[in-house]
Amino acid sequence: MTDESKDTKDEKKPEPGTGHLKHSFLVGELVYLRSVEKDDAEYGASWRQGMIPRSVSATASWIEDDLKEEDDLHLVIVRKSDDRPVGSLKRSTWRHNAWIAGTIDPLFGEQGQHWLAEAYIMMLQWSVDEHHRIIAHIEEVPDSQQIVLEKLQAMGARVSSTFREAHRTATGFEDWHMVTYLNKDWVGTLGDPYAVEKPRSGTGEPRPVIAPVTVEGDLPPNAVRVGPRVYLRPLQKADAVDLVEWARRETEPFWSSGRSVMTQTSLERWFEKLGKKEPQTWVRFAVCLRENDEFIGAVGVDGIDYKHRRAESESEFHHVGYRSKGYGTEAKHLLFDYAFNTLGLHSLQSWVMYTNTRSAAALRKQGYRDVGIEPWLVQGKGGYDNFGTYELLADEWRAMPRASVEDAGDLAG
Ligand SMILES: CC(C)(COP(=O)(O)OP(=O)(O)OC[C@H]1O[C@@H](n2cnc3c(N)ncnc32)[C@H](O)[C@@H]1OP(=O)(O)O)[C@@H](O)C(=O)NCCC(=O)NCCS
């Protein structure tokens, strides 16, 4: 490059602190939001999301090659005073929901919280008030970000769920808040979802843990945990046949957004895909009867977060005749033993549709606590349905009384 052409290029560089003047929206008092640009690679350590920091060249090629393939919207949080990238927001969508994940460089200390709060607020107002979306969620606000929480609440967003100790810190665990922003016009039309009472069934009482048993003689095939009546084993290809058959015979549309049609090949592909992800973030087991090895349901931990040592638990008994008989609860305790004692998780979270009172009752029976609601997550009758949120901490589960093997059958049912 000649000196002359270099000078011309330098001259073209905008004066630091003037970048926001080219924007008419997503500009706040301290920061502004804009799409990712090539030169942002230089500041990747400040704004790129994820636990592993990347080199400038790796971020540059991610911006160049991979970012355009992403469905999610990535915006850089830029400091207004000098146009330096200091963090980022990622917005993903699922059905009518927008989910926003934010990061701010922790090396900037407390001032970073003011920048992040301003960025979240602009994103919520833009996504909901301007785009007329009905709801947006901030995925994760750790308890130590009190400034962010206060500012979000002051603009009309609300902490919808608080999961205790679900966020790992340098010295232990802190609470994780989910923050939700509702479209005010839709609240006017549909009413306030927080005012809808959570329907309940069952006793609401936790029961003693049905712990794994020691097996005399041979083990059931490929068993990972064995209880008094059921055992867990990894899912296998042949299980897809049963799932397809029982999906056709489903009689209860209330526990999901209606019934599903399943196909054998897509299920087989899905089982295979779960095991291939590195690191694996969804571990799902078949639940089988000890008396005849019949495959009656599945339980698993999904969204495993190895940093925060948490996951979402899930269960699904495809065989209708084996629901409401305590098999789900017995299988879940075997799963907890695996999740807490083998994977080393610290907490489990669960989301259940309001209409699925049995699943919520089963969670309470297993020791989970109610920790909030996630409003309007899915379409419902003439509107949208809320989900209840639940959590179980490893230490609390360990402290629960254990059922004797003789009592386990009675307690389960
Ligand atoms: C959710 C599921 C795994 C629970 O396992 P389960 O073996 O049926 O649960 P349990 O029998 O141990 O406990 C059921 C609880 O609900 C109550 N219950 C039973 N049948 C019910 C019904 N039809 N409606 C409402 N509550 C019911 C029971 O009284 C019990 O609570 P209690 O003992 O405190 O009184 C199982 O029912 C299932 O697979 N359902 C379909 C799929 C599903 O809903 N998955 C979860 C999605 S979030």
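Every chain's residues receive numbers from 1 upward, in the order its sequence appears when written. The predicted nature of this model means local features are confined to residues of pLDDT at least 70 and side-chain atom pairs, given and counted, to a pLDDT of 80 or more, with totals for whole chains, interfaces and linings taken over all residues. To get the side-chain values, all heavy atoms of the structure are used, and hydrogens and water are removed first.

J.: Would you take a moment to explain the overall build of the chain for this structure?
T.: Secondary structure assignment for the chain yields 12 helices and 15 strands. Taking the principal axes of the C-alpha coordinates as reference, the chain spans close to 85 × 50 × 45 Å. Whether a residue is buried, partly exposed or exposed follows from its accessible area with a 1.4 Å probe, protein chains only, as a fraction of its type maximum: under 20%, in between, or over 50%, in that order. Classification of the 413 residues of the chain by burial places 48% in the buried group. Residue-level accessible areas treat just the shown protein chains as cover; the underlying method is Shrake-Rupley with a 1.4 Å probe. Summed over its atoms, the accessible surface of the chain is roughly 20,800 Å², and 49% of this surface lies on carbon and sulfur atoms. Counted as positive: Lys and Arg. Counted as negative: Asp and Glu. His and the chain ends are not counted at all. To locate a charge, take atom NZ for lysine, CZ for arginine, CG for aspartate or CD for glutamate. Seen as two clouds, the 51 positive and the 65 negative side-chain charges of the chain have centres 3 Å apart. Only DSSP runs of H or I reaching four residues or more are called helices, and only runs of E reaching two or more are called strands; each is numbered from the N terminus.

J.: Help me out: how do you make sense of the packing of helix α4 (residues 111-130) against helix α5 (residues 146-154) in this one?
T.: Relative placement of two packed helices is described by the angle separating their axes and the distance separating the axes. In this analysis an axis means a line fitted to C-alpha atoms, helices contributing only their contacting stretch, and an angle means the value between N-to-C directions, from 0 to 180 degrees. Direction vectors running N to C along α4 and α5 enclose 30°, while the axes themselves pass 8 Å from each other. What the angle tells us is that α4 and α5 run roughly parallel. For the crossing formed where α4 meets α5, the hand is right-handed. The segment α4 lies against α5, with Q113, H114, L116, A117, Y120, I121 and L124 engaging Q146, I147, V148, K151 and L152. Tallied by class, the residues present in the contact of α4 with α5 amount to eight nonpolar, three polar and one charged. Throughout this description, any angle smaller than 35 degrees is read as roughly parallel, any larger than 145 degrees as roughly antiparallel, any in the 65 to 115 degree range as roughly perpendicular, and the remainder as oblique. Working rule for handedness: look at the near helix, and if it is turned counterclockwise from the far one by less than a right angle, call the crossing left-handed; if clockwise, right-handed. Residues are treated as being in contact if the distance between any of their heavy atoms lies within 4.5 Å. Under the scheme applied here, ten amino acids are nonpolar (Ala, Val, Leu, Ile, Met, Phe, Trp, Tyr, Cys and Pro), four are charged (Asp, Glu, Lys and Arg), and all others, including Gly, are polar.

J.: Got a minute to help me understand helix α9 (residues 327-341) in this structure?
T.: An α-helical turn contains 3.6 residues, so any two residues separated by three or four positions project in the same direction. Expected helix span is given by 1.5 Å per residue-to-residue step, counting one fewer step than there are residues. If you check α9, its first and last C-alpha atoms are 21 Å apart, about what 15 residues at 1.5 Å a residue would give, namely 21 Å. Within α9, 13 of the 15 residues are buried, which leaves it mostly tucked inside the rest of the structure.

J.: For this particular structure, what's the right way to read a negative patch on the surface?
T.: Negative charge collects at one region of the surface, where E64, D65, D66, E69, E70 and D71 lie side by side. Along the chain, E64 turns up in helix α3 (residues 56-66). For patch detection, residues must exceed 30% relative accessible area and be free of salt bridges, and they are connected within 9 Å for like charges or within 5 Å for nonpolar side chains (Val, Leu, Ile, Met, Phe, Trp, Tyr). The term salt bridge refers to a side-chain nitrogen of Lys or Arg lying within 4 Å of a carboxyl oxygen of Asp or Glu.

J.: Just to check I follow, could you spell out the domain arrangement of the chain for this structure?
T.: By a frequent convention, interface size equals the accessible area lost on bringing the separate parts together. Domains are outlined according to an automatic or database domain assignment. Split by domain assignment, the chain resolves into domain 1 (14-191) and domain 2 (225-412). Averaged C-alpha coordinates put domain 1 and domain 2 at centres separated by 32 Å. Across the contact, 28 residues belong to domain 1 and 27 residues belong to domain 2. Each of two parts loses accessible area, computed with a 1.4 Å probe, when they are put together; buried area is these two losses added. In total, about 2,400 Å² of surface goes out of reach between domain 1 and domain 2, with carbon and sulfur atoms giving 57% of it. It is F163, R164 and R168 in domain 1 that bury the most area against domain 2; as a group they hold 25% of the surface buried on that side. Counting every contact that joins domain 1 to domain 2 gives three salt bridges. For E140, the salt bridge identified is with R310, shortest N-O distance 3.0 Å. The definition of a polar contact used here is a pair of N or O atoms within 3.5 Å, where within protein one atom must be able to donate a hydrogen and the other to accept one, and adjacent residues in sequence count solely through side-chain atom pairs. For the pair domain 1 and domain 2, the interface holds 16 residue pairs in polar contact (both at pLDDT 80 or more). Looking at the side of domain 1 that touches domain 2, the elements with two or more residues in it are β4 (97-104), β5 (135-142), β6 (158-168), β7 (173-182) and α6 (184-190). No other element matches the nine residues that β6 contributes to the side of domain 1 that touches domain 2.

J.: Please explain the side chain of R79 as it appears in this structure.
T.: With respect to the helices, strands and loops of the structure, R79 is situated in strand β2 (residues 73-79). In terms of polar contacts, R79 uses its side chain to reach the side chain of D82, at 2.7 Å. If we skip the residues at most four places from it in the chain, R79 touches L30, V31, Y32, R84, V86, F108 and W115.

J.: It is not clear to me how the packing of aromatic side chains should be interpreted in this structure. Could you clarify?
T.: Any two aromatic rings considered together are summarised by their centre-to-centre distance and by the angle between their planes. The aromatic pairing rule takes the rings of Phe, Tyr and Trp, using the six-membered ring of Trp, and pairs them if the centres are within 6.5 Å, calling planes under 30 degrees apart stacked, those over 60 edge-to-face and the rest tilted. Going through the model one piece at a time under the given rule, you end up with 14 aromatic pairs. With a centroid separation of 5.2 Å and an interplanar angle of 75°, the aromatic rings of W270 and W282 are classed as edge-to-face. Remark: W282 occurs in the loop between α8 (264-276) and β10 (283-289) and W270 occurs in helix α8; sequence separation between them is 12 residues. W270 gets classed as partly exposed once you look at its relative accessible area, which sits at 25%. Given a relative accessible area of 22%, W282 falls into the partly exposed group. Connected via pairs of aromatic rings, a cluster forms that spans F336, F340, Y368 and W397. Remark: a charge is flagged as sitting over a ring if the NZ atom of Lys or the CZ atom of Arg is within 6 Å of the ring centre and within 35 degrees of the ring normal. Over the aromatic face of Y194 sits the side chain of R158, whose NZ or CZ is 3.7 Å from the ring centroid. If you follow R310 out to its NZ or CZ, it ends over the ring of W176, 3.9 Å from the centre.

J.: Please clarify how the site of the ligand should be interpreted in this entry.
T.: With respect to spatial proximity, 24 residues lie near the ligand, and among them T203, R207, F317, S324 and T329 are the closest. One of the side-chain nitrogen or oxygen atoms of T203 is found 2.7 Å away from an oxygen atom of the ligand. G326 is positioned such that a nitrogen or oxygen atom in its backbone is 2.9 Å from an oxygen atom of the ligand. Coverage of the ligand by the protein chains reaches 81% of its 950 Å² of free accessible surface. Elements represented by at least two residues in the shell around the ligand include exactly β12 (310-316), α9 and α10 (357-365). Per element, the largest residue contribution to the shell around the ligand is six residues, and it comes from α10. We call a residue near a molecule or strand when any one of its heavy atoms sits within 4 Å of it.

J.: When you look at α3 in this model, what are you seeing that I'm missing?
T.: When we look at burial in α3, the residues that qualify are T59, W62 and I63. Looking straight down α3, one finds that the buried residues subtend no more than 95° of arc, so they occupy a single side. The secondary structure elements touched by the buried residues of α3 are α2 (44-47) and β2. The directions from the helix axis to the C-beta atoms are what the arc is built from.

J.: Hey, could you run me through the pairing of strand β13 (residues 347-353) in this one?
T.: On any regular strand, side chains alternate: one points to one face of the sheet, the next to the other face. In terms of residue burial, β13 counts as a mostly covered element, since seven of its seven residues are buried. By the alternation rule, side chains of β13 split into S347, Q349, W351 and M353 and L348, S350 and V352, which are all buried. Strands pair, by our definition, only if DSSP identifies at least two bridges between them. Of the pairings in the sheet, the one linking β12 to β13 comprises three bridges and is parallel in character. Across the sheet, A311 pairs through a bridge with L348, a residue of β13. This β-α-β element, β12 to α9 to β13, shows right-handed connectivity. Note: β13 against strand β15 (residues 383-393), seven bridges, orientation antiparallel. Residue pairing across strands places V352 opposite G388, the latter belonging to β15. Here a crossover is taken to be right-handed if, once the strands point away from the viewer, the path from the first strand over the helix to the second is traced clockwise.

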